Every structure is written in structure tokens, then in C-alpha cells.
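Residues per chain are reported as follows:
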Amino acid sequence: MAFPSFITPLFITTVSLLLGLCFAEDPVVSYNFIVSYITASPLGVPQQVIAVNGHFPGPVINVTTNNNVIVNVKNKLDEGLLITWNGIQQRKSSWQDGVLGTNCPIPSKWNWTYQFQVKDQVGSFFYFPSTNFQRASGGFGGFIVNNRPIIPIPFDTPYDDIVVLIGDWYIQNHTALRKTLNGGKDLGMPDGVLINGKGPYRYNTTLVPDGIDHETINVQPGKTYRVRVHNVGISTSLNFRIQNHNLLLAETEGSYTVQQNYTNLDIHVGQSYSFLVTMDQNGTSDYYIVASARFVNETEWKRVTGVAILHYTSNSKSKSKSNPEPKPASGPLPDPPNDEFDKTFSMNQARTIRWNVTASGARPNPQGSFRYGSINVTEVYVLKNKPPVMINGKRRTTLSGISFVNPTTPIRLADQYKLKGVYKLDFPTKPLTGAAVMETSVINGTYRGFMEIILQNNDTKMQSYHINGYAFFVVGMDFGEWTENSRGTYNKWDGIARSTAQVFPGAWTAILVSLDNVGVWNLRSENLDSWYLGQETYIRVVNPEITNKTELAIPDNALFCGALSKLQKPQDISSAIATFGGGLQALWIIIGMIIYCSLMNIH
């Protein structure tokens, strides 16, 4: 089953041009991803990591709102692979979502092409492999959706974009970490925190060994940059800061925020923020960029700190006494918040992140024109997280007493072929009171309903939760148990709209989501260990009217597995097709793609 040799960047570009004919004014942007193992030493020890096109982290996807995106993924791993697009709303097409509830994994040595439109969306997002704990070994990268020129942004155009990927990291690869979890054990303290796939700058010769490569970000003095920061780690909340520089928060996961200056900000697993940072400091020295663990024993975790360097450069080609090379950063790191045992500071900081209701999003109308606070709630779900429990001799995590079991046949595929018994549409609106169970239990969402979800964290660890296919409104959070009276504290005007919300230990977070996107959508813990052990479910949203305008048809290249595996045709294209023009099969693929896009009915 060889990788089709005609699928090259030139081939994809040609297909893109042809697809552009049927997408009319919405351009096609294409990428070719080869996902493979490489050996790297981010913490000074050689280990196996997952690279995209030979790079760790992978390349940044950079598109403009309403672009049609084609990503051809070649899986060169030794196990199945899916890529999911964290925060990208797959409008009308959960078929492209890249999680087990909607897609069969791309088999080893196969390729699969994602095709979706970033419809009416702008902002900072990232992609990552969603199966087999693979994100713990890499495979992630940034995803930028720019505004169209006709839609103004609520700040002056930055000089440039800077993508920063932060996350906790283990020297063991994902298969070893998976084995640890399967054996009923915790992963323990990570070995470090990476910034853009690199270990810490040697700011301390005792804590940081010699020989570790660190990230250096070069900037021009006096310029303002848009710094897009993503926590792509496993389970550690991180505090992000740049020595002596203000972080002017401008956007999070597709929503423009009320602009506020922070000296530091807590970024929880799966969350994305963009800051406007003006390089207004003395350029005679470098500055620390720091990502340090939160809510942990700071003495024990001091070595688990990510440190990169902000380096001022000059347009001048030569250095002189009047224009010297900046001195290396030195001295102690900028201080983190001093609240190891008190999370009130962090929660209050989170509450200050508000929606900019006067700014336009991806459309000319203001973000706040969607007055979510005046919409009647049609369904309420209280999802409670507790510490891991033993179910049938296995250590599992739960939501509302249910530990999710991924079916061998994806839920959306089972619906398409009307298979019975693959899942149960019976997820409880309130937590189960009896013993925890392992089930494939799914939330029955009402199309065009307005759902209130209360995320109650009764564990001792910070959690963050994500919903694919949607941005939701974060309307409240507080410590203690949520009650009906808690609604009196909700922010019904400018709560931020985003796709990943943190839930503090012993606390709750309330979100509101408008169920206008038909499909089967993953609701999960972004903490990778909790997710892997069962802390997820799906929201199934079906339009009762038979129409092709609210959900796209199953793609022609759909993969089949489980009960439908007999429908899967071998992916074995003759090596005689050496180039784009070398065979009839290539032509038929192009024709098929054009027919597919004509059925998408996206206008």
C-alpha cells in the first residue's frame, strides 16, 4: 500500500486551482503533511518524537477566513493516526474533525486528505494528533486564521506574527507513557517544559544541564508583534511571561477580547491566546521568555520550567560601539504569581478575560451582536469530574460517572449507515449516583437548541475542557458546588466565546453553546491523561429536516473500520503513476474532488 507518488505539492497546487473554480471567490490553500518519527533531544536526551515534514514542532498552517483548506496527511508512523484542529469549527462537516467518534484512523503507510472551510472564523488555533496519546510525542503545530482585508481588526496591524507552543514534556515517548497509564499508574512529574519544541535556556547552571538547545525569538526594536501562545502539553497549566514586557491580550481562540495588559497569564492545557507585545525595552540585552508550572510545589518543580530568549536585532548589518550585540539574559527569572496554595488569583485573572462586543469578528457585524444572554436555554447538562476510579479492574476517569469507551465503528459513520448498538444516546443530564460505568454514551443535542453545560471539577487537579465544532460562551466560574442559584452570578453580556475553558479544582465553570452546527462533536478533557482514560463524550446534533444544506455529504475518501471495515478498499495505487499527468486514476481523483466540492453547497 504505497503512498501515491503523484500527490506532490505540485499536484496539490494543481488540484487547488481546479477546486478554486467551484469555490468561486473563496480561495483554496493546500498543505502536504508527512507525519513520521524522528530522533530529537529537546531536553538533552535523544528520544523518539513525532515530526511533521521532518520538523518538530510541525509547520504553521496560515490561512484567511473563508479559505478552503486541503491537508493531505501521509501516515509514516507504525500505528493509526488522526489529526484534529483544536478550535477550528468544522462547519457542517464533522467528517473532517479528526477524532475517533467521527473518523476511522488513517492506517500506517496510508495517506488521507482533509478538506474543510474555515468559514467565518479568525484567530489563533493549533493542530495535533488525537489518537493513541501521540500528542505527548509531538505532531502539533500552530494554525492561524487571518481576517479578510475588508474586515478591520480592533488594533493596528502588527509588524509580524510569532507562534509560541508551550507544554510539559516527558523524556519517555507516547507508547511508554500509554503503558504507564494502562498499568494503573500516574505519569508523575514531567521532565521539563518545552517552548517551540526546545528545552530551557541555561539560566541556572544547577537546574539546567549543559548541552540543551533553547529557542531564540528575534525581534526588531520598537515594533509590535502578535504573539500567539498555545499550551499543547499533556496536563500542566503554565504561567506565561516575558521579562520586562507587557502582554496586551487581544484574542483567544477566535474571539477578540477587551484589550488588557498582563505581566503574566495562566494558560491551561489546550488553550490559545494572542498578545500584542511592543518591543519597547533597551535592546542592549536579551530577555527571558518563561513558561512555568502552576499550582505545584515550586521547589520540586523548579527544573520543570520552560525558558526561551527574546533577542533584539537591528537592521544594521554590522555591529559597532554605538550598535553592540545585546548581552545574554542573566539573573533570576521574572517571578510567577505567589499563590501556590490559593487559586483565587488565577480565577480572578480568568474572569477579567472579556469579549470585545464592539469589535467585528470574521464578519462586519460586531461580535456582541449575538446577544447570548437573552436566548432561552433549552437543555442543561451538569458534567461532574471526580478522581480516577477502578472499573472492572481498570483505572479510569469519568464524566458524571461514565467512562467513555470509543466504539470500533465511529459514531458518525454508524449513523450514516444506520448501524444499531454502536452507541447509546442516553448521557445523563445529571451525574449518576451509583457506581461508575464504562459506556459509549452520547449527549442528544437539539439542533438550534441552546445548551447550558456546567463543568464541575471535584478532583484535586486543574482540568480544561474543549468542544469540537463550536465556540461557547464562558458565563461563570466559582469555587464550591454549582447550584441553581449560581445562575445569578452569570455574565450575560460579554463572557468570552472560546473553545477551551479551565475548571479549577473544587470549582465549577458554566458555559452556553448554541447548537447550530450539525454533526457529532467531541466534548473532552484537554488534559491528555484524563482524556485517554475516558473523560470525554460526544454531542450529537441532527437536523430533523432532510436537507444537504446543514451537513455536507460523507466524503468520497471516507475510511471504514469496525463493523464497516469490509467497505474499505485497499489503498494501493500503481507505482506506474509517477507524475500528475501519468495516469487515468489521477485524473479521476481530480474529477472526483471537483464533484465533491460542487456538492458542498457552502455559499
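All figures in this text were calculated on a predicted structure; none of them were measured in a lab.

Per the secondary structure count, the chain includes six helices and 33 strands. Evaluated residue by residue, the chain yields a buried proportion of 58% over its 603 residues.

Turning to the nonpolar core, a few remarks are in order. Judged by nonpolar contacts, the single largest core of 80 residues is most densely connected at Val164, Phe240, Phe275, Leu310, Ile453 and Ile539. Per-element tally for this core: the top contributor is strand β31 (residues 507-514), with six residues. With residues up to four places along the chain from it excluded, the contact list for Phe240 reads Val164, Val229, Leu247, Asn264, Leu265, Ile267, Phe275, Ile289 and Val290. Core analysis: the next-biggest nonpolar cluster, separate from the first, contains 34 residues, Tyr31, Phe33, Val118 and Phe560 among them.

For the rest of this paragraph, the subject is the state of the cysteines. Scanning all chains against the criterion turns up one disulfide. Across the disulfide, Cys104 is cross-linked to Cys561 (sulfur-sulfur distance 2.1 Å). As the torsion about the S-S bond is roughly -85°, the Cys104-Cys561 disulfide counts as left-handed. In this pair, Cys104 sits in the loop between β5 (83-86) and β6 (111-117) while Cys561 sits in the loop between β33 (536-542) and α6 (584-599), placing the two residues 457 residues apart along the sequence.

Glancing now at the sheet that holds β31. Spatially, five strands are ordered β20-β26-β31-β28-β29 in an open sheet, and the strand pairing comes out mixed. This sheet does not close on itself; its edge strands, each paired only once, are β20 (379-385) and β29 (497-498). Its contacts with the sheet put helix α3 (residues 344-351) on β28 (472-479) and β31, and the angle it makes with β28 is roughly 155°.

Each pair of aromatic rings is reported with the distance of its centres and the angle of its planes. For the structure on display, the rule yields 29 aromatic pairs. Relative to Tyr114, the ring of Trp112 lies with its centre 4.8 Å away and its plane at 85°, an arrangement referred to as edge-to-face. When the centroid spacing of 6.0 Å and the interplanar angle of 80° are considered together, the rings of Phe155 and Tyr256 count as edge-to-face. Of this pair, Phe155 sits in the loop between β8 (141-146) and β9 (160-169) while Tyr256 sits in strand β15 (residues 255-262), and the two are 101 residues apart along the sequence.

Next up on the list: α3. For α3, the complete set of buried residues consists of Ser346, Met347, Gln349 and Ala350. On an axial view of α3, the arc spanned by its buried residues comes to 160°, and they lie on one face. Where α3 is buried, its residues contact β15, β16 (265-267), β28, β30 (500-503) and β31.

Note on placement: Glu215 falls in the loop between β10 (192-195) and β11 (216-219). For Glu215, a relative accessible area of 14% translates into the label buried. For Glu215, the side chain forms a polar contact with the side chain of Asn196, separated by 2.9 Å. The contact partners of Glu215, leaving out residues within four places of it in the chain, are Ile195, Asn196, Lys198, Gly199, Ala308 and Ile309.

Here we come to the pattern of salt bridges. By the definition in use, this model includes 23 salt bridges. The closest approach of N and O atoms between Lys198 and Asp213, which form a salt bridge, is 3.8 Å. In this pair, Lys198 sits in the loop between β10 and β11 while Asp213 sits in the loop between β10 and β11, placing the two residues 15 residues apart along the sequence. By relative accessible area, Asp213 is classed as partly exposed at 48%. Among the salt bridges present, the one from Lys424 reaches Glu439, with a minimum N-O distance of 3.3 Å. In this pair, Lys424 is assigned in the loop between α4 (411-416) and β24 (437-439) and Glu439 in strand β24, connecting sequence segments 15 residues apart.

Turning our eyes to something else, we now look at the pairing of strand β25 (residues 443-446). Going residue by residue along β25, you find Ile443 and Gly445 tucked away on one face and Asn444 and Thr446 left uncovered on the opposite face. Strand direction decides the pairing type here: β25 and β33, joined by four bridges, are parallel. Bridge pairing links Ile443 to Ile539 in β33.

Low pLDDT means the predicted coordinates in that region are not meant to be read closely. Across the chain, pLDDT averages 90, with 89% of residues at or above 70. Counting interchain partners and residues more than four positions distant, the pLDDT-below-50 stretch residues 1-24 has 57 contacts. Within the model, the stretch residues 599-603 combines pLDDT values under 50 with 16 contacts to residues more than four positions away or in other chains.

Now for the sheet that holds strand β3 (residues 61-64). Across the sheet, four strands lie side by side as β3-β8-β7-β5; this open sheet has mixed pairing. The open sheet has two edge strands with one neighbour each: β3 and β5. Between one strand and the next, the sheet's axes are offset by a mean angle of 20°, whatever the strand orientation. Sheet topology note: the β5/strand β7 (residues 123-129) ladder contains four bridges and is antiparallel. Bridge pairing in β7 places Ile83 opposite Pro129.

Let us now look at the environment of Lys384. Considering the arrangement of structural elements, one finds Lys384 in strand β20. Judged by relative accessible area, Lys384 falls into the buried class, the value being 19%. Considering only alpha carbons, one finds Lys384 and Leu432, 48 residues apart in sequence, at a separation of 9.3 Å. Residues within four places of Lys384 in sequence aside, it is in contact with Thr398, Leu399, Ser400, Pro431, Gln456, Asn458 and Glu481.

Moving on: the side chain of Thr65. Relative to the helices and strands, Thr65 is located in the loop between β3 and β4 (68-75). Relative accessible area serves as the criterion here: at 3%, Thr65 is assigned to the buried category. Within the structure, Thr65 has its side chain in polar contact with the backbone nitrogen of Asp120 (distance 3.5 Å). A polar contact of 2.9 Å, which involves the side chain of Thr65, links it to the backbone oxygen of Gln121. In this structure Thr65 touches Val118, Lys119, Asp120, Gln121, Val122, Val145, Asn146, Asn147, Arg148 and Ala362, once residues within four positions along its chain are discounted.

Before going further, it helps to spend a moment on helix α2 (residues 174-182). When α2 is considered as a whole, its buried residues turn out to be His174, Leu177, Arg178 and Leu181. One side of α2 holds all its buried residues, which, seen down the axis, span an arc of 105°. Against β1 (28-40), β2 (47-52) and α5 (528-532) lie the buried residues of α2. One or two residues past the end of α2 sits Gly184, with phi positive at roughly 85°.

For β31, the tally of buried residues reaches eight of eight residues, placing the bulk of the element in the interior. The alternating pattern of β31 places Ala507, Thr509, Ile511 and Val513 and Trp508, Ala510, Leu512 and Ser514 on opposite faces, both of which are buried. Looking at chain direction, strand β26 (residues 450-457) and β31 are connected through eight bridges and run antiparallel. Along β31, the bridge assignment pairs Gln456 with Trp508. Strand direction decides the pairing type here: β28 and β31, joined by six bridges, are antiparallel. Within the sheet, the bridge partner assigned to Phe479 lies in β31 and is Ala507.

Thresholds applied
- Residues numbered from 1 in each chain as written.
- Predicted model: local features only at pLDDT ≥ 70, side-chain atom pairs only at ≥ 80, totals over all residues.
- Heavy atoms only, no water.
- Helix = DSSP H or I, 4+ residues; strand = E, 2+ residues; numbered from the N terminus.
- Buried < 20%, exposed > 50% of the residue type's maximum accessible area, 1.4 Å probe, protein only.
- Core = buried A, V, L, I, M, F, W, Y, C linked by side-chain atoms within 4.5 Å.
- Contact = heavy atoms within 4.5 Å.
- Disulfide = S-S within 2.5 Å.
- Pairing = 2+ DSSP bridges.
- Axes fitted to C-alpha atoms, helices over the stretch in contact; angles between N-to-C directions.
- Phe/Tyr/Trp six-rings, centres within 6.5 Å; stacked < 30°, edge-to-face > 60°.
- Arc of directions from axis to C-beta.
- Polar contact = N/O pair within 3.5 Å; in protein donor to acceptor, adjacent residues only side chain to side chain.
- Salt bridge = Lys/Arg side-chain N within 4 Å of Asp/Glu carboxyl O.
- pLDDT = per-residue confidence, 0-100.

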